[in-house]
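Overview (structure and organization)
One-letter residues, chain by chain:
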Amino acid sequence: MPHALEADVLVAGAGPAGATAALGLARLGYTVCVVGMPRPFDACEGISRRVVEALQHAGFLAALEQIPPPGLREVDWNGERRAQNTESLIWRPAFDAALIPDLRDAGVRVVQARIATLLHNEGVPGVRLSDGTELRARIVLEARGRAAPQGRAVGMRGPATLAVLQRARGPRARPGSSVFACPDGWVWLARLADGQHYIQFCVAADAPDLPKRPGLAAWTRERIAALPQAQAWLEGCESAGPPTARASTALLHARPWEHGVLRVGDAAMAVDPLSGNGIFQSLSSATTAPAVVHTLLQRPADAALALGFHAARLHETFLRFARIGRDFHAAETRWAEQPFWQARAQWPDTEPAHGLLPRIVGAARRPVIEDGFIREREVMITTGQPLGVWRVEGVEVAPLLRELPHEPAAQAAALAQRVDAATSSPAQRRHLEAWFLRHGLTAVPSASSE
Ligand SMILES: Cc1cc2nc3c(=O)[nH]c(=O)nc-3n(C[C@H](O)[C@H](O)[C@H](O)COP(=O)(O)OP(=O)(O)OC[C@H]3O[C@@H](n4cnc5c(N)ncnc54)[C@H](O)[C@@H]3O)c2cc1C
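Values in this document were obtained by computation on a predicted structure and should not be read as measured data.

Reading the values: rules and limits
- Every chain begins its residue count from 1, and numbering advances along the sequence as written.
- Residue-level local features of this predicted model are given only where pLDDT is at least 70; pairs of side-chain atoms are given and counted only at 80 or more, and the full residue set underlies all totals for whole chains, interfaces and linings.
- Excluding hydrogens and water, the side-chain values take into account all heavy atoms of the structure.
- Each helix is a run of H or I in the DSSP string that is no shorter than four residues. Each strand is a run of E no shorter than two, and both are numbered from the N terminus.
- Radius of gyration here uses only the C-alpha atoms, and the compact-globule reference equals 2.2 Å multiplied by the residue count raised to the power 0.38.
- In what follows, residue pairs with any heavy atoms lying within 4.5 Å of each other are defined as contacts.
- Using a 1.4 Å probe, accessible areas were evaluated by the Shrake-Rupley method; residue-level cover was limited to the displayed protein chains.
- Under this rule, positive means Lys or Arg and negative means Asp or Glu; His and the chain ends count for nothing.
- Charge coordinates come from a single atom per side chain, which is NZ of Lys, CZ of Arg, CG of Asp or CD of Glu.
- Here a residue counts as near a molecule or strand whenever at least one of its heavy atoms sits within 4 Å of it.
- Identification of polar contacts relies on pairs of N or O atoms within 3.5 Å, with a donor-acceptor requirement for protein atoms, meaning one able to donate a hydrogen and the other able to accept it, and with residues adjacent in sequence counted only if both atoms are side-chain atoms.
- Ten residues, namely Ala, Val, Leu, Ile, Met, Phe, Trp, Tyr, Cys and Pro, are considered nonpolar, four, namely Asp, Glu, Lys and Arg, are considered charged, and the remaining ones, Gly among them, are considered polar.
- The start and end points of each domain follow an automatic or database-based domain assignment.
- Take the accessible area each of two parts loses on contact, using a 1.4 Å probe, and add the two losses: that sum is the buried area.
- Any Lys or Arg side-chain nitrogen found within 4 Å of a carboxyl oxygen on Asp or Glu counts as a salt bridge.
- Burial here depends on accessible area, computed with a 1.4 Å probe over protein chains only, as a share of the maximum for the residue type. Under 20% is buried, over 50% is exposed, and the range in between is partly exposed.
- Strands were regarded as paired on the criterion that DSSP finds at least two bridges between them.
- For the purposes of this analysis, a disulfide is any pair of cysteine sulfur atoms at a distance within 2.5 Å.
- A helix's residues, less one, multiplied by 1.5 Å, set its expected span.

Once that is clear, we can look at the overall build of the chain. When you go through the chain residue by residue, the secondary structure sums to 12 helices and 24 strands. Radius of gyration (C-alpha) of the chain: 24 Å, near the 22 Å computed for a compact globule of 450 residues. Principal axes of the C-alpha set define a box for the chain whose edges measure 75 × 65 × 40 Å. Nonlocal contacts in the chain, meaning residues at least 24 apart in sequence, comprise 66% of its contacts between residues at least 6 apart. Summing over all exposed atoms, the chain offers an accessible surface of approximately 21400 Å²; the carbon and sulfur share of this is 53%. Across the chain, the centroid of the 48 positively charged side chains sits 2 Å from that of the 45 negatively charged ones.

What follows is the structure, given as structure tokens:
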């Protein structure tokens, strides 16, 4: 018997990634059903302006109202103290709850239920809820974050890391956050406007002194009391409830697509929380997933191209952030011999995090998003963007660089002429010239060649 379909696409998990992908799919005209339960623990997280912009771009309104203005982020790393950056502190239960009305307003059906398992028998993917109900769709997005079962197919995994989270109540003070290192890990403290305080202690999951759950509250109290940097922050605070242990190991799933199920967000790739931009990364795969699904459903002949695009972006982003994380851990040298710091200053490899000098490597045909579909186009591979750059400021760069003269003055004159013809405003032209200049090419004719 063919299965009755609940929607074109079922999204498992209603966190930022699942909700963003669902909005994108609804905008493409698909019927979408999101199935999710609130996370079983409280958490405070810091987000940058870039996340706010990505959420605005995705079409969220109610969720944006949960984001307070940014507060100062203090960093104490390798004995140096800085307070240059800011971040907005979001209380995840309230933020996640506010994603739901935004979904409903966009016509997405939301089922608040626990998923017992994903289904992929009989060629039709779906989910089975904990009450036994089965829902099927043409495609399922796995967006249950780190709670998504990993199976045996883990592609890459960083050093095993655990975050111990403790809430506290204290006097009202200016909201802000503080990150600092200690011999066996690092700590993030956050203070919200309503007097809630939040402590996140990241340690090696295999640390020999880490107790099992019953001993965790006493262990956390003792450890916090021993941190001099925490004392001023936590003056007058009382712990609120028991601590929670949260898995924080960096993970890249080996099979982002399997049996009609496409992984997005943390379910596909989760970065180390030290990066402080996990939500941004989870939104990046969720934002491009609708084009992948659209291609799979409308242009099955391009399925391999679309899935290759999805997998390559996850892999590239994961490695880039793993290397940035490695360098940040290595920059803390006071406890370089301690197991926590030693393991993280070496993983994943010794390749540079940021590529070399920004240079153009050459042209190649690669998948890009055009008009909501994944298509193959000519892109320029650069040292910083190994997956290729297709357009800068809306202008395709590969045609501008085809068969340029080698002689520098003639080359600059030819490039200037092409940039001029391809752009429609001085601002667009300036951006393009600046991009070429960053990559070692001048698009401004010298006086002699004019
Ligand atoms: C310790 C720690 C600290 C972090 N701090 C920051 C930070 O400061 N800033 C930042 O940007 N990022 C931070 N992150 C990363 C951030 O939490 C994630 O990157 C982001 O939440 C991923 O979004 P997602 O939608 O993929 O998954 P999630 O946000 O995890 O959403 C998944 C959703 O699926 C639901 N779900 C799971 N299983 C089921 C089930 N069986 N049935 C129904 N629903 C289910 C969950 O309840 C949840 O609502 C941190 C991560 C960790 C581990």
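A separate point is the site of the ligand. Not every one of the 33 residues close to the ligand is listed here, only the nearest: Met37, Glu45, Gly46, Arg92 and Asp266. One of the backbone N or O atoms of Pro16 is found 3.3 Å from an oxygen atom in the ligand. Interatomic distance of 3.2 Å between a side-chain N/O atom of Arg39 and an oxygen atom of the ligand. Those elements that provide at least two residues to the shell around the ligand are helix H1 (16-27), strand E3 (44-47), strand E16 (244-247) and helix H7 (278-298). Of the residues that constitute the shell around the ligand, the class distribution is 13 nonpolar, 12 polar and eight charged. Counting only domains with at least three residues in the shell around the ligand, you end up with domain 1 (7-67 + 90-155 + 249-344) and domain 2 (161-247).

Structurally, the chain comprises domain 1 (7-67 + 90-155 + 249-344), domain 2 (161-247) and domain 3 (360-449). The distance between the C-alpha centroids of domain 1 and domain 2 comes to 27 Å. At the junction of the two partners, domain 1 supplies 21 residues and domain 2 supplies 21 residues. Per-residue buried area on domain 1 facing domain 2 is highest for Cys44, Trp91 and Phe340; these three make up 30% of the total on that side. Along the contact surface separating domain 1 from domain 2 lie two salt bridges. Where domain 1 touches domain 2, the interface holds six residue pairs in polar contact (both at pLDDT 80 or more). Listed by contribution, the elements that provide at least two residues to the side of domain 1 that touches domain 2 are E3 and helix H9 (339-344).

Let us look at the pairing of strand E4 (residues 71-77). Each regular strand carries side chains that alternate between the two faces of the sheet. Along E4, five of the seven residues are buried, which leaves the element largely enclosed by surrounding structure. Note that E4 and strand E5 (residues 80-91) share six bridges and pair antiparallel. Residue Gly71 lies in a different strand from E5, and its bridge partner there is Glu87. Hairpin connection, E4 to E5: the antiparallel pair is bridged by two residues, and Asn78 has positive phi, about 55°. Of the strand pairs in this sheet, E4 and strand E12 (residues 176-182) are connected by five bridges, and their pairing is parallel. Within the sheet, the bridge partner assigned to Glu74 lies in E12 and is Ser178.

Turning to the sheet that holds strand E10 (residues 154-157), a few remarks are in order. Read across the sheet, three strands follow the order E10-E17-E20 without closing on themselves; strand pairing throughout is antiparallel. In the strand order of this sheet, the two ends are held by E10 and strand E20 (269-270), each with one partner.

In this sheet, E5 lies alongside E3 in antiparallel orientation, the contact comprising four bridges. Across the sheet, residue Cys44 finds its bridge partner in E5, namely Trp91.

Evaluation of the coordinates by the stated rule reveals 29 salt bridges. Across the salt bridge formed by Arg92 and Asp96, the nearest N and O atoms sit 2.9 Å from each other. One end of the pair, Arg92, and the other, Asp96, are both in helix H4 (residues 92-105), four residues apart, so they sit about a helical turn from each other. The two residues Arg92 and Asp96 agree in class, both being buried.

Under the definition given, this model contains zero disulfides. The thiol of Cys182 is not disulfide-bonded; the next cysteine sulfur, from Cys202, is found 9.8 Å away. Exposure remark for Cys182: the relative accessible area of 4% places this residue in the buried category.

The end-to-end C-alpha distance of H1 is 17 Å, a good match for the 16 Å that 12 residues give at a rise of 1.5 Å each. Burial analysis of H1 places 10 of its 12 residues in the buried class, the great majority of the element. Of all the positions in H1, only Pro16, Ala17, Gly18, Ala19, Thr20, Ala21, Ala22, Leu23, Gly24 and Leu25 are classed as buried. The secondary structure elements touched by the buried residues of H1 are strand E1 (7-12), strand E2 (32-36), helix H2 (49-58), H4, strand E9 (134-142) and H7. Gly29, located one to two residues past H1, shows a positive phi value of around 100°.

A few words on unusual backbone geometry. A cis amide bond links Trp347 with the next residue in sequence, Pro348, at an omega value of 15°. Position of Pro348 among the secondary structure elements: in the loop between H9 and strand E21 (360-370). Backbone geometry at Asn78 places phi at a positive 55°, although glycine is not the residue there. Along the chain, Asn78 falls in the loop between E4 and E5. Residues other than glycine seldom take positive phi values, yet His259 does so here, at roughly 50°. For His259, the location among the structural elements is in the loop between strand E18 (257-258) and strand E19 (261-263).

Moving on to the environment of Pro367. By the secondary structure assignment, Pro367 is in strand E21. Residues Pro367 and Arg377 lie 10 residues apart in sequence; the distance between their C-alpha atoms is 6.2 Å.

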